[in-house]
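Structural characterization, general
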Amino acid sequence: QRHGKKGQPFYHIVIADARAARDGRFIENIGTYNPLTSPATIVVDVDKACKWLKNGAQPTDTVRSIFSYKGIMLKRHLQIGVEKGAMTQEVADQKYNAWLDEKSKKIAAKIEKAENDKNAKQTEAFKKENEVNQKRLETIAKKKADMEESAKKKAEEEAKAKEVKEEQAAEV
(Lines give C-alpha, C1' and ligand atoms only; values in the text may rest on other atoms or scores of the structure.)
Protein backbone atom coordinates (compact mmCIF):
# COMPACT_ATOMS: atom_id res chain seq x y z
CA GLN A 1 0.00 0.00 0.00
CA ARG A 2 1.31 3.42 -0.93
CA HIS A 3 1.27 6.13 1.69
CA GLY A 4 2.98 9.49 1.98
CA LYS A 5 2.36 12.69 0.12
CA LYS A 6 3.02 13.47 -3.53
CA GLY A 7 6.65 12.91 -4.44
CA GLN A 8 7.43 11.28 -1.08
CA PRO A 9 6.30 7.66 -1.21
CA PHE A 10 6.17 5.35 1.79
CA TYR A 11 4.89 1.82 1.42
CA HIS A 12 3.32 -0.75 3.72
CA ILE A 13 4.06 -4.34 2.72
CA VAL A 14 0.77 -6.16 3.13
CA ILE A 15 -0.84 -9.51 2.43
CA ALA A 16 -3.87 -8.88 0.23
CA ASP A 17 -6.15 -10.72 -2.13
CA ALA A 18 -4.98 -10.22 -5.72
CA ARG A 19 -8.44 -8.91 -6.63
CA ALA A 20 -8.26 -6.08 -4.06
CA ALA A 21 -7.35 -2.54 -5.10
CA ARG A 22 -3.78 -1.32 -4.65
CA ASP A 23 -4.61 0.62 -1.49
CA GLY A 24 -7.72 -1.40 -0.69
CA ARG A 25 -8.51 -4.19 1.76
CA PHE A 26 -5.66 -6.29 3.06
CA ILE A 27 -5.37 -9.35 5.25
CA GLU A 28 -2.21 -8.58 7.23
CA ASN A 29 0.48 -5.89 7.43
CA ILE A 30 3.95 -7.48 7.48
CA GLY A 31 6.30 -4.51 7.04
CA THR A 32 7.24 -1.13 5.61
CA TYR A 33 9.46 0.17 2.81
CA ASN A 34 10.81 3.73 2.57
CA PRO A 35 12.62 4.30 -0.75
CA LEU A 36 13.60 7.90 0.08
CA THR A 37 16.41 7.02 2.49
CA SER A 38 19.82 5.91 1.27
CA PRO A 39 19.95 2.92 1.39
CA ALA A 40 16.21 2.29 1.41
CA THR A 41 14.73 1.51 4.83
CA ILE A 42 13.02 -1.87 4.86
CA VAL A 43 11.33 -3.36 7.93
CA VAL A 44 9.74 -6.77 7.40
CA ASP A 45 8.54 -9.46 9.83
CA VAL A 46 10.55 -12.37 8.40
CA ASP A 47 8.53 -15.10 10.12
CA LYS A 48 5.18 -13.76 8.89
CA ALA A 49 6.54 -13.36 5.37
CA CYS A 50 7.88 -16.94 5.34
CA LYS A 51 4.56 -18.23 6.69
CA TRP A 52 2.62 -16.51 3.91
CA LEU A 53 5.07 -17.67 1.23
CA LYS A 54 4.66 -21.22 2.56
CA ASN A 55 0.87 -20.83 2.36
CA GLY A 56 1.20 -19.93 -1.34
CA ALA A 57 1.24 -16.13 -1.40
CA GLN A 58 2.65 -14.73 -4.65
CA PRO A 59 4.68 -11.56 -4.06
CA THR A 60 4.72 -8.78 -6.65
CA ASP A 61 7.98 -8.16 -8.49
CA THR A 62 8.93 -5.28 -6.20
CA VAL A 63 8.10 -7.20 -3.04
CA ARG A 64 9.99 -10.23 -4.35
CA SER A 65 13.10 -8.09 -4.84
CA ILE A 66 12.65 -6.60 -1.35
CA PHE A 67 12.31 -10.11 0.10
CA SER A 68 15.46 -11.19 -1.76
CA TYR A 69 17.33 -8.17 -0.42
CA LYS A 70 16.27 -8.99 3.15
CA GLY A 71 16.97 -12.74 2.78
CA ILE A 72 13.39 -13.92 3.12
CA MET A 73 13.45 -15.77 -0.20
CA LEU A 74 16.71 -17.48 0.84
CA LYS A 75 15.20 -18.48 4.17
CA ARG A 76 12.17 -19.90 2.38
CA HIS A 77 14.45 -21.80 -0.03
CA LEU A 78 16.44 -23.26 2.87
CA GLN A 79 13.18 -24.17 4.67
CA ILE A 80 12.04 -26.12 1.60
CA GLY A 81 15.34 -28.02 1.74
CA VAL A 82 14.73 -28.86 5.40
CA GLU A 83 11.18 -30.05 4.62
CA LYS A 84 12.50 -32.32 1.86
CA GLY A 85 15.18 -33.71 4.15
CA ALA A 86 18.13 -32.38 2.15
CA MET A 87 19.58 -30.65 5.24
CA THR A 88 18.92 -30.20 8.91
CA GLN A 89 17.38 -27.12 10.50
CA GLU A 90 20.69 -26.27 12.21
CA VAL A 91 22.59 -26.25 8.90
CA ALA A 92 19.88 -24.12 7.29
CA ASP A 93 19.96 -21.64 10.20
CA GLN A 94 23.76 -21.53 10.03
CA LYS A 95 23.71 -20.76 6.29
CA TYR A 96 21.03 -18.11 6.76
CA ASN A 97 22.91 -16.41 9.62
CA ALA A 98 26.16 -16.44 7.62
CA TRP A 99 24.35 -14.80 4.70
CA LEU A 100 22.81 -12.20 7.03
CA ASP A 101 26.24 -11.34 8.47
CA GLU A 102 27.72 -10.93 5.01
CA LYS A 103 24.77 -8.84 3.85
CA SER A 104 24.95 -6.54 6.89
CA LYS A 105 28.67 -5.97 6.20
CA LYS A 106 27.87 -5.05 2.58
CA ILE A 107 25.17 -2.63 3.69
CA ALA A 108 27.48 -1.05 6.28
CA ALA A 109 30.18 -0.66 3.62
CA LYS A 110 27.66 0.93 1.26
CA ILE A 111 26.54 3.39 3.94
CA GLU A 112 30.15 4.24 4.81
CA LYS A 113 31.04 4.76 1.15
CA ALA A 114 28.04 7.05 0.66
CA GLU A 115 29.04 9.04 3.74
CA ASN A 116 32.67 9.30 2.57
CA ASP A 117 31.53 10.46 -0.87
CA LYS A 118 29.30 13.06 0.73
CA ASN A 119 32.16 14.30 2.93
CA ALA A 120 34.52 14.40 -0.06
CA LYS A 121 32.01 16.46 -2.05
CA GLN A 122 31.57 18.84 0.87
CA THR A 123 35.32 19.35 1.28
CA GLU A 124 35.71 19.87 -2.49
CA ALA A 125 32.91 22.43 -2.49
CA PHE A 126 34.48 24.14 0.52
CA LYS A 127 37.85 24.34 -1.27
CA LYS A 128 36.24 25.82 -4.37
CA GLU A 129 34.34 28.32 -2.27
CA ASN A 130 37.54 29.34 -0.49
CA GLU A 131 39.29 29.81 -3.85
CA VAL A 132 36.46 32.01 -5.11
CA ASN A 133 36.48 34.00 -1.87
CA GLN A 134 40.27 34.43 -2.08
CA LYS A 135 40.03 35.71 -5.67
CA ARG A 136 37.26 38.08 -4.63
CA LEU A 137 39.35 39.41 -1.74
CA GLU A 138 42.34 39.88 -4.06
CA THR A 139 40.27 41.89 -6.57
CA ILE A 140 38.83 44.02 -3.75
CA ALA A 141 42.32 44.67 -2.37
CA LYS A 142 43.58 45.54 -5.86
CA LYS A 143 40.69 47.97 -6.39
CA LYS A 144 41.35 49.59 -3.01
CA ALA A 145 45.04 49.96 -3.84
CA ASP A 146 44.16 51.50 -7.24
CA MET A 147 41.73 53.91 -5.59
CA GLU A 148 44.32 54.94 -2.97
CA GLU A 149 46.93 55.41 -5.68
CA SER A 150 44.61 57.55 -7.79
CA ALA A 151 43.67 59.57 -4.67
CA LYS A 152 47.39 60.17 -3.99
CA LYS A 153 47.94 61.27 -7.59
CA LYS A 154 45.02 63.69 -7.37
CA ALA A 155 46.32 65.07 -4.11
CA GLU A 156 49.79 65.54 -5.65
CA GLU A 157 48.31 67.22 -8.73
CA GLU A 158 46.24 69.53 -6.56
CA ALA A 159 49.30 70.35 -4.45
CA LYS A 160 51.30 71.13 -7.62
CA ALA A 161 48.44 73.25 -8.95
CA LYS A 162 48.36 75.18 -5.65
CA GLU A 163 52.10 75.73 -5.80
CA VAL A 164 51.84 76.97 -9.39
CA LYS A 165 49.02 79.36 -8.41
CA GLU A 166 50.98 80.56 -5.40
CA GLU A 167 54.06 81.17 -7.55
CA GLN A 168 51.98 83.02 -10.14
CA ALA A 169 50.34 85.07 -7.39
CA ALA A 170 53.79 85.83 -5.91
CA GLU A 171 55.10 86.98 -9.30
CA VAL A 172 52.27 89.34 -9.80
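Just so it is clear, the structure is predicted and the values come from calculations on it, not from any experiment.

With respect to the element layout, Val 43 can be found in strand E4 (residues 41-44). In sequence terms Val 43 and Gly 31 are 12 residues apart; their C-alpha atoms lie 5.2 Å from each other. Not counting residues within four places of it along the chain, the set of residues in contact with Val 43 comprises Ile 30, Gly 31 and Thr 32.

Applying the stated rule across the entire model yields eight salt bridges. A cluster of three or more residues bridged by salt bridges with shared partners is formed by Lys 54, Arg 76 and Glu 83.

Right, let's talk about the pairing of strand E2 (residues 10-15) for a bit. Note that strand E1 (residues 2-3) and E2 share two bridges and pair antiparallel. Residue pairing in the sheet places His 3 in a bridge with Phe 10 of E2. Hairpin connection between E1 and E2: a loop of six residues separates the two successive antiparallel strands, and Gly 4 in this loop has a positive phi of roughly 90 degrees. Bridge count for E2 against strand E3 (residues 28-34) is five bridges, and the pairing is antiparallel. Within E3, the residue paired with Tyr 11 across the bridge is Tyr 33.

About the criteria used
Numbers given for residues are sequential positions, taken from 1 along each chain in its written order. It should be noted that, the model being predicted, local features are given only for residues of pLDDT at least 70 and side-chain atom pairs only at 80 or more, the latter also being counted only at that level, while totals for whole chains, interfaces and linings use all residues. Note: side-chain values were computed over all heavy atoms of the structure, leaving out hydrogens and water. Think of it this way: any DSSP run of H or I at least four residues long counts as a helix, any run of E at least two long counts as a strand, and we number them from the N terminus. By the convention used here, residues are in contact when the closest approach between their heavy atoms is within 4.5 Å. Salt bridges are defined by distance alone: a side-chain nitrogen of Lys or Arg within 4 Å of a carboxyl oxygen of Asp or Glu. Paired strands are those between which DSSP finds at least two bridges.

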